[in-house]
Amino acid sequence: MAYVPRFIRRTVLATLCCGLFLMLAAPAALAHDSLKSSSPARDAEVSTVGQIKLEFSAHVLFPTIVLRGAGGRPVAIGKAHAAGPKVTSEVPEKLPQGKYVIAWRVVSSDGHPIEGEIPFTVTGSASSSAASSAPPAAASTSGQTLPSPVSAGDQKSAQGLSSWVWVALAVILIIGAGVWLRTSRPDRSGSAE
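Residues numbered from 1 in each chain as written. Predicted model: local features only at pLDDT ≥ 70, side-chain atom pairs only at ≥ 80, totals over all residues. Heavy atoms only, no water.

Draft legend 1. Main features of the sheet that holds strand E9 (residues 113-122). Taken in spatial order, the five strands make up an open sheet running E2-E9-E8-E4-E5, and their pairing is mixed. Each edge of the open sheet carries a strand with a single partner, namely strand E2 (45-46) and strand E5 (74-75). As defined by bridge partners, strand E4 (residues 61-68) adjoins E5 across two bridges and the pair is classed as antiparallel. Residue arginine 68 lies in a different strand from E5, and its bridge partner there is proline 74. (Pairing = 2+ DSSP bridges. Helix = DSSP H or I, 4+ residues; strand = E, 2+ residues; numbered from the N terminus.)

Draft legend 2. Inspection of the pairing of E4 at higher detail. Bridging between E4 and strand E8 (residues 98-107) involves six bridges; their strand directions are antiparallel. Residue pairing for E8: leucine 67 is matched across the bridge by isoleucine 102. Taken together, E4 and the strand that follows it, E5, pair antiparallel across an intervening segment of five residues, in which glycine 71 is found at a positive phi of about 70°.

Draft legend 3. View of the environment of arginine 105. Tracing the backbone shows arginine 105 in strand E8. Sequence separation of arginine 105 and valine 66 is 39 residues, and the distance between their C-alpha atoms is 9.0 Å. Contact partners of arginine 105, with chain neighbours within four places excluded, come to Phe62, Pro63, Thr64, Pro113, Ile114 and Glu115. One polar contact links arginine 105 to glutamate 115, side chain to side chain, over a distance of 2.7 Å. (Contact = heavy atoms within 4.5 Å. Polar contact = N/O pair within 3.5 Å; in protein donor to acceptor, adjacent residues only side chain to side chain.)

Draft legend 4. A look at the packing of aromatic side chains. Scanning the entire structure with this criterion turns up two aromatic pairs. Note on phenylalanine 56 and tryptophan 104: the rings are 5.1 Å apart at their centroids and 70° apart in plane angle, and the pair reads as edge-to-face. With a gap of 48 residues between them, phenylalanine 56 in strand E3 (residues 51-56) and tryptophan 104 in strand E8 connect regions that are remote in the sequence. Across this residue pair, the class does not change: phenylalanine 56 and tryptophan 104 are buried. Here tyrosine 100 and phenylalanine 120 contribute two aromatic rings whose centre-to-centre distance is 5.7 Å and whose plane-to-plane angle is 20°, an arrangement assigned as stacked. Of this pair, tyrosine 100 sits in strand E8 while phenylalanine 120 sits in strand E9, placing them 20 residues apart in sequence. (Phe/Tyr/Trp six-rings, centres within 6.5 Å; stacked < 30°, edge-to-face > 60°. Buried < 20%, exposed > 50% of the residue type's maximum accessible area, 1.4 Å probe, protein only.)

Take a look at the structure:
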């Protein structure tokens, strides 16, 4: 087998290590957080709202919540507070019947801002208050509609599968680099010419 100079072997090994690092770091950078549930829920009909509650898929920072009524008129609410993945804001006054929109914006755990809107209706009847804790059908982020939330079990199984794929690729790269380095060493057992 042909001799491969040491600086080429080191360059290839450094490239493989950088590639391995990027492969292992990439999944965290590609996944943005999402809104898991809200109260009131998207398109819910509720009798009253005393507090707005949002729950995200991971820890969020710098929350902002704005409540708008008919014609986009702002409604006074309390300051938004984040506690891990949960964000809350008090609604101090009883809301009159009508259509409302919750506009929210947070900084996700990967450092990127995400935002969305949750429309709902205040009916004044007590029969629909149970709908206020249902998860939202979809939320808007950066002008795009997010798909319906995946159940926690589906998210865990998808993350588990993804982790195994990355681990398998890392092992293959390490074994390949080891085999290549071992076979590319010069044969020193032969006699000098």
